[in-house]
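# Chains, contacts and geometry: an overview
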Amino acid sequence: MKFFHTADWHLGKLVKGVYMTEGQRYVLRQFIDAIKEERPDAIIIAGDLYDRAVPPTEAVTLLDEVLREIVVDLKTPVIAVAGNHDSPSRLDFGSGLMRQNGYYIEGRLKHKTKPIVLEDSFGEVHFHLVPYADPSICKQVYEDDKITDFNSAVKRVIEDMVIKEDARHVFVGHAFVTPHGEQEENTSDSERPLSIGGAEYVSAELFKPFHYTALGHLHQAHHVLNETIRYSGSPMKYSISEEHHKKGFFVVDMDGEGNVDVQKRLLQPKYDMRTVEGKMDEILTHEPSDDYVFVKLLDATPVLFPMEKVKSIYPNAMHIERKVVRTAATLEQQALEHQEKPDDMTLFRYFYSQMNESSPDAETEQIFQDVLQEVKGGIDK
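The rules we used
Residues numbered from 1 in each chain as written. Predicted model: local features only at pLDDT ≥ 70, side-chain atom pairs only at ≥ 80, totals over all residues. Heavy atoms only, no water. Phe/Tyr/Trp six-rings, centres within 6.5 Å; stacked < 30°, edge-to-face > 60°. Helix = DSSP H or I, 4+ residues; strand = E, 2+ residues; numbered from the N terminus. Buried < 20%, exposed > 50% of the residue type's maximum accessible area, 1.4 Å probe, protein only. Pairing = 2+ DSSP bridges. Axes fitted to C-alpha atoms, helices over the stretch in contact; angles between N-to-C directions.

Taking an unreviewed UniProt entry as the reference, the chain is identified by name as Nuclease SbcCD subunit D belonging to Sporosarcina luteola.

Set out below in structure tokens:
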């Protein structure tokens with residue numbers, strides 16, 4: 001059986017005041033073209049279809065367009081779960097009716113959920129859908145006081161599943177999974193923490209009963225503990241912290257024994273998201289680009305109307321900041337610490353280094369010295 005594994009579409013995403021809908025439609029068209037070309041048996045969307053519980057109209061329209069083309073026109077089953085950004089009830093609405101047409105969505109966590117069963121020439125493949133749910137909700141659903149964090153919640157859900165020995169099994173979920181449940185950093189600034197205090201991590205060892213585990217939540221594609229437990233990552237960049245991510249989806253081929261071959265397919269963004277660094281005069285000589293850029297200015301002195309100037313080259317520029325190198329400031333700090341009563345020039349050098357990337361040059365120091373003498377002269381009079 002061949003299926004595509006994708007997640008974290010975040011339709012309706014807003015980055016620095018800019019809606020990503022146009023770019024999302026662009027990469028999802030590539031995704032649909034890949035379905036037409038490779039003819040998978042199913043599509044997995046492992047959570048965060050929307051970016052927020054009440055998505056904008058454009059996002060709802062886009063999801064409707066994409067699902068209708070995949071499920072109705074291409075007759076390819078879609079298997080999906082809600083993520084932490086989604087509204088469980090919103091995604092769950094009409095799910096029973098949609099199952100009849102090949103769209104299998106679990107919005108709310110339910111007790112003893114039956115797997116979605118698809119068949120190929122080798123037999124049955126069971127897809128176990130586990131939507132994101134806070135441990136407190138899982139505790140209520142299972143009436144189990146032993147559920148205190150995400151790891152114990154997922155453990156309880158898996159224990160409740162029926163794992164048939166003569167079938168192949170795929171887990172579809174949305175969680176923060178690490179090799180042994182240890183704490184790790186998010187892969188992107190745009191990932192919302194699932195909890196406070198280290199209770200969000202789930203051990204990958206829990207997924208041993210499954211031939212493949214399709215995960216969502218972390219935006220960088222990678223495997224955890226072994227190559228059958230994977231995050232597909234998001235289909236496009238949603239933060240400058242994702243600048244170096246290679247966005248796409250996984251194509252999973254499963255044989256009759258449940259062994260999987262996983263291939264990465266890349267998606268090309270309409271506009272890239274990247275960092276541009278340099279002095280303003282240099283930036284203004286760049287080739288014009290519609291990319292979403294985050295600019296780091298290296299100018300030693302302030303620049304008037306920097307965004308207006310940058311947008312003449314990069315109309316979709318999202319952010320500008322002056323790059324500050326702390327080396328010079330550290331040296332001046334050390335100079336201050338070794339003097340009981342720092343002289344005026346040392347104090348000036350320290351202040352200058354805090355405001356800029358380097359120590360003042362000889363000309364700047366002389367200007368300060370002249371102004372200081374003039375001010376002192378006026379005070380003496």
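### A word on the packing of aromatic side chains
The relative placement of two aromatic rings is captured by the distance of their centres and the angle of their planes. For the coordinates displayed, the defined rule picks out 13 aromatic pairs. Both rings, one in Phe 31 and one in Phe 249, keep their centres 5.0 Å apart while their planes meet at 90°; by these two values the pair is edge-to-face. Of the two residues, Phe 31 sits in helix α1 (residues 21-38) while Phe 249 sits in strand β15 (residues 248-254), which places them 218 residues apart along the sequence. Owing to a relative accessible area of 1%, Phe 31 belongs among the buried residues under this scheme. Classification of Phe 249 by relative accessible area gives buried; the value is 2%. Taking the centre distance of 4.9 Å and the plane angle of 65° together, the rings of Phe 171 and Phe 207 count as edge-to-face. Of this pair, Phe 171 sits in strand β9 (residues 168-174) while Phe 207 sits in the loop between β11 (201-203) and β12 (212-216), placing them 36 residues apart in sequence. Residue Phe 207 is classed as buried on the basis of its relative accessible area of 2%.

### Observations concerning the sheet that holds strand β19 (residues 319-322)
What the 3 strands build is an open sheet, ordered β17-β18-β19; its pairing is parallel. Across the chains shown, the open sheet's two edge strands, defined by having one partner strand only, are β17 (273-278) and β19. The mean angle between the axes of side-by-side strands here comes to 20°, regardless of whether they run parallel or antiparallel. Relative to strand β18 (residues 292-297), β17 runs parallel, the two being bridged by 6 bridges. The partner of Gly 278 across the bridge, within β18, is Leu 297.

### A closer look at the side chain of Asp 160
One can find Asp 160 in the loop between α6 (150-159) and β9. Classification of Asp 160 by relative accessible area gives buried; the value is 13%.

### Some details on the sheet that holds strand β8 (residues 123-130)
Spatially, the 6 strands line up as an open sheet ordered β7-β8-β9-β12-β14-β13, and their pairing is mixed. Two strands in the sheet have a free side with no partner beyond their single neighbour: β7 (116-120) and β13 (222-224). Between one strand axis and the next, the sheet turns by 30° as a mean value, whatever way the strands run. Pairing of β13 with strand β14 (residues 226-231) involves 3 bridges; the strand directions are antiparallel. What sits directly across from His 222, in β14, is Tyr 231.

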